[in-house]
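Coordinates in review
Chain by chain, the residues:
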Amino acid sequence: MSTTTKPDLTSPAPAKAFPATSRRGLRGNSTFNFWLFTGPFLVGLAIFIYVPIGWSVYLSFFEARFTVTPEKFIGLDNYRHMLTNDDFVGSLGTFTVFAAFIVPTTWALSLGLALLVNRLRFMRAFFRSVFFLPTAVSYVAAALIWKMSIFSGVRFGLMNTLLGWFGIENIAWLADPNPPWYWLVIVTARLWLQSGFYMILFIAALQNIPAELYEAAAIDGAKSGWQTFRHITLPQLRATSTAVILLLLIAAYQAFDEFYNLLDKTTWGRPPLMELYFKALGENQDYGAGSAGAVILTVLILVVTLFQGKLMGFGRGEESK
């Protein structure tokens, strides 16, 4: 009698062998993918950012009038010329004062909006979008709206119409530097344009604060409101506040669009970039002096930024705070 062996259905089937992939192959694919995706960006960054910056520094040491390929080396003469130019030095001083005003004002307004929106229990997304929407508006378009509609010097302007209700005469907001009403126009336009963006940064930081901190403070007897804001909320926002202030400082010194469109070609109230614009692209087209001024402005922004970062402890570890 023949016996047949039945297959063991309970035993697992042998695993199919797959070819092993070497770690070197995986690492090579990752490196290739990295350069594939970042390569075009790095090439564009080098061509449109780093090469122009390097060429601008190069031009600052040459006499470059009506040409960007100069041959006459003049050393530091362009820097000496810009540092003794009353208009350029005056613009640097004026915008240092402007930055000292607009930076804390924007910081306070953005933080206040973030606190209000974050406390809403309904329609939070709506109000967040409403306050953020102006950041999508062009600075040129906003400047024209402020100039031609809101702060127009004629009696049909919105502000002059409101002042007329109280018997106040029309004000030439942008035509007369004495008193300098044009600063009110520029500051309100800039506050409207940029506060919403920094509000979003503060909202994100507020939502990352652990709720346990407020609960522990309440157990310890801390009162909700100013006391918890000062001792819990504000310290937790230190890193975000530092980043916001640094961004605002850089943006203040780089102001151009709204000033150019609001003040046209007036000789007062020009930011440093407007002075460099007229120096490099004006009648003489002095690219060497304009490049030297750009380098001076860059160094000034760098020094102010590093000083502010050092003052607020930017980059320090938690243990050193």
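Just so it is clear, the structure is predicted and the values come from calculations on it, not from any experiment.

1. A few points about the overall build of the protein chain
Secondary structure assignment for the protein chain yields 13 helices and zero strands. N-terminal to C-terminal, the α/β element order of the protein chain is α-α-α-α-α-α-α-α-α-α-α-α-α. Taking all contacts inside the protein chain whose residues are at least 6 apart in sequence as the whole, residues at least 24 apart take part in 67%. Summed over its atoms, the accessible surface of the protein chain is roughly 20800 Å², and 66% of this surface lies on carbon and sulfur atoms.

2. Let's talk about the nonpolar core
Ranked by internal contacts, the top residues of the largest apolar core, which has 57 residues, are F98, F259, L262 and L263. Here the element with the most residues in this core is helix α7 (residues 182-207); it accounts for 13 residues. Contacts of F259, omitting those with residues within four sequence positions, involve F95, F98, W183, I186, D264, G269, P271 and M274.

3. Considerations on the confidence of the model for the protein chain
Here the protein chain averages 83 in pLDDT, and 88% of its residues register 70 or above. Put simply, helix α12 (residues 272-281) is where the protein chain has its lowest mean pLDDT, 81, and α7 is where it has its highest, 92.

4. Overview of the packing of aromatic side chains
Any pair of aromatic rings gets described here by the distance separating the centres and the angle formed by the planes. Following the criterion strictly, the structure yields 24 aromatic pairs and no others. An aromatic cluster of three or more residues is present, and its members are F95, F98, Y182, W183 and F259.

5. Brief notes about unusual backbone geometry
The peptide bond linking N178 to P179 adopts the cis configuration, its omega dihedral lying at -5°. For P179, the position within the fold is in the loop between α6 (158-165) and α7. Although it is not a glycine, F66 sits at a positive phi angle of roughly 65°. Checked against the element boundaries, F66 lands in the loop between α1 (23-59) and α2 (77-83). For M123, which is not a glycine, the phi torsion comes out positive at approximately 55°. If you trace the backbone, M123 turns up in the loop between α3 (86-119) and α4 (124-132).

6. Observations concerning the packing of α4 against α7
α7 packs onto α4 with a crossing angle of 145° between their chain directions and a minimal axis gap of 8 Å. Every residue of α7 that contacts α4 at R124, R128, F131 and F132 is listed here: G196, F197, M199, I200, I203 and Q207. Of the residues assigned to the contact of α4 with α7, the class counts are six nonpolar, two polar and two charged.

7. A look at the pattern of salt bridges
Throughout the structure, instances matching the rule amount to five salt bridges. The partner of E63 in a salt bridge is K72, with the nearest N and O atoms 3.5 Å apart. Take E63: its relative accessible area is 36%, and that puts it in the partly exposed class. For K72, a relative accessible area of 52% gives the class exposed. The closest approach of N and O atoms between R80 and D77, which form a salt bridge, is 2.5 Å. On the criterion of helical spacing, the pair formed by R80 and D77 is a turn pair, its members being three residues apart in helix α2. Residue R80 is classed as partly exposed on the basis of its relative accessible area of 49%.

Rules of the game
- Residues numbered from 1 in each chain as written.
- Predicted model: local features only at pLDDT ≥ 70, side-chain atom pairs only at ≥ 80, totals over all residues.
- Heavy atoms only, no water.
- Helix = DSSP H or I, 4+ residues; strand = E, 2+ residues; numbered from the N terminus.
- Contact = heavy atoms within 4.5 Å.
- Areas by Shrake-Rupley, 256 points an atom, 1.4 Å probe, with all protein chains shown as cover.
- Core = buried A, V, L, I, M, F, W, Y, C linked by side-chain atoms within 4.5 Å.
- Buried < 20%, exposed > 50% of the residue type's maximum accessible area, 1.4 Å probe, protein only.
- pLDDT = per-residue confidence, 0-100.
- Phe/Tyr/Trp six-rings, centres within 6.5 Å; stacked < 30°, edge-to-face > 60°.
- Axes fitted to C-alpha atoms, helices over the stretch in contact; angles between N-to-C directions.
- Nonpolar A, V, L, I, M, F, W, Y, C, P; charged D, E, K, R; others polar.
- Salt bridge = Lys/Arg side-chain N within 4 Å of Asp/Glu carboxyl O.

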